[in-house]
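Letter by letter, the chains look like this.
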Amino acid sequence: MSKDWDYAKLSKKASKAGGPEKFVDSVFNEGKEFEKKEMTPKIIGGGIALLGVGYGLSKFAELIKKKIAKKRKEEEIKIKEHYVEEYKNLQEENDEEMLGDNSDRIEKED
C-alpha cells in the first residue's frame, strides 16, 4: 500500500529527476513552457483586439467631432441669416418711416 501513496509517488518522481531541487525546477520549467504555449496566442490576440478597439474609438471620436462641427456651422449660418433678416426688416421700417415723414412735409408745402 505504501507504493500507492501520493507522497510515495512524488518521492519516486523526485528521485528519478535527480533530487527534489531538480524535480521542482523541472516542474517549474514545464509550467513556464506550458504558459508560453497557451498564453502567447491569447496575449497576441488580446493585443490585436485592443488595437482594433482603439482604432474604432478614434474613428468614432473623429465622426462625432465632424458632426459637432457641422452642427455648429449650421447654427452659425442660421444666426447670420436671422441677423440679415432682422437688418432687412429694420431697413424696411426705417425706409417706411422716412417716406412717411417726407410725405407729411410734401403735404404741408402744398
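Provided above is the structure to which this section pertains.
This structure is a prediction, so every number in the text was calculated from the model and none was measured.

Caption draft 1: Just the overall build of the protein chain, in detail. When helices and strands are tallied, the protein chain shows two helices and zero strands. Carbon and sulfur atoms make up 60% of the accessible area of the protein chain, which amounts to about 10,700 Å² in all.

Caption draft 2: How the structure looks around a nonpolar patch on the surface. Residues Phe60, Leu63, Ile64 and Ile68 make up a contiguous nonpolar surface patch of roughly 350 Å² in combined accessible area. Topologically, Ile64 is positioned in helix 2 (residues 20–109).

Caption draft 3: Examining a negative patch on the surface more closely. The grouping of Glu85, Glu86, Glu92, Glu93, Asp95, Glu96 and Glu97 at the surface amounts to a negative patch. With respect to the helices, strands and loops of the structure, Glu86 is situated in helix 2. Judged by its relative accessible area of 36%, Glu86 is partly exposed.

Caption draft 4: Structural context of the pattern of salt bridges. As enumerated under the stated definition, the model contains two salt bridges in all. Between Glu33 and Lys36 there is a salt bridge whose closest N-O contact spans 3.9 Å. Taken together, the residues Glu33 and Lys36, both in helix 2 and three residues apart, mark about one turn of the helix. By relative accessible area, Lys36 is classed as exposed at 52%. In this structure, Glu62 engages Lys66 in a salt bridge whose closest nitrogen and oxygen atoms are separated by 4.0 Å. Here Lys66 and Glu62 lie together in helix 2, a separation of four residues that amounts to about one turn. Under the relative-accessibility criterion, Glu62 is labelled partly exposed at 38%.

Caption draft 5: Molecular detail of a positive patch on the surface. A surface patch of positive charge is lined by Lys9, Lys12, Lys13 and Lys16. Here Lys9 shows up in helix 1 (residues 6–17). Looking at Lys9, the relative accessible area reads 43%, which means it is partly exposed.

Conventions we followed
Residues numbered from 1 in each chain as written. Predicted model: local features only at pLDDT ≥ 70, side-chain atom pairs only at ≥ 80, totals over all residues. Heavy atoms only, no water. Helix = DSSP H or I, 4+ residues; strand = E, 2+ residues; numbered from the N terminus. Areas by Shrake-Rupley, 256 points an atom, 1.4 Å probe, with all protein chains shown as cover. Patch = residues over 30% accessible without salt bridge, like charges linked within 9 Å, V, L, I, M, F, W, Y side chains within 5 Å. Salt bridge = Lys/Arg side-chain N within 4 Å of Asp/Glu carboxyl O. Lys, Arg positive; Asp, Glu negative; His and termini not counted. Charge placed at Lys NZ, Arg CZ, Asp CG, Glu CD. Buried < 20%, exposed > 50% of the residue type's maximum accessible area, 1.4 Å probe, protein only.

Everything listed is a geometric property; what it means functionally is a separate question.
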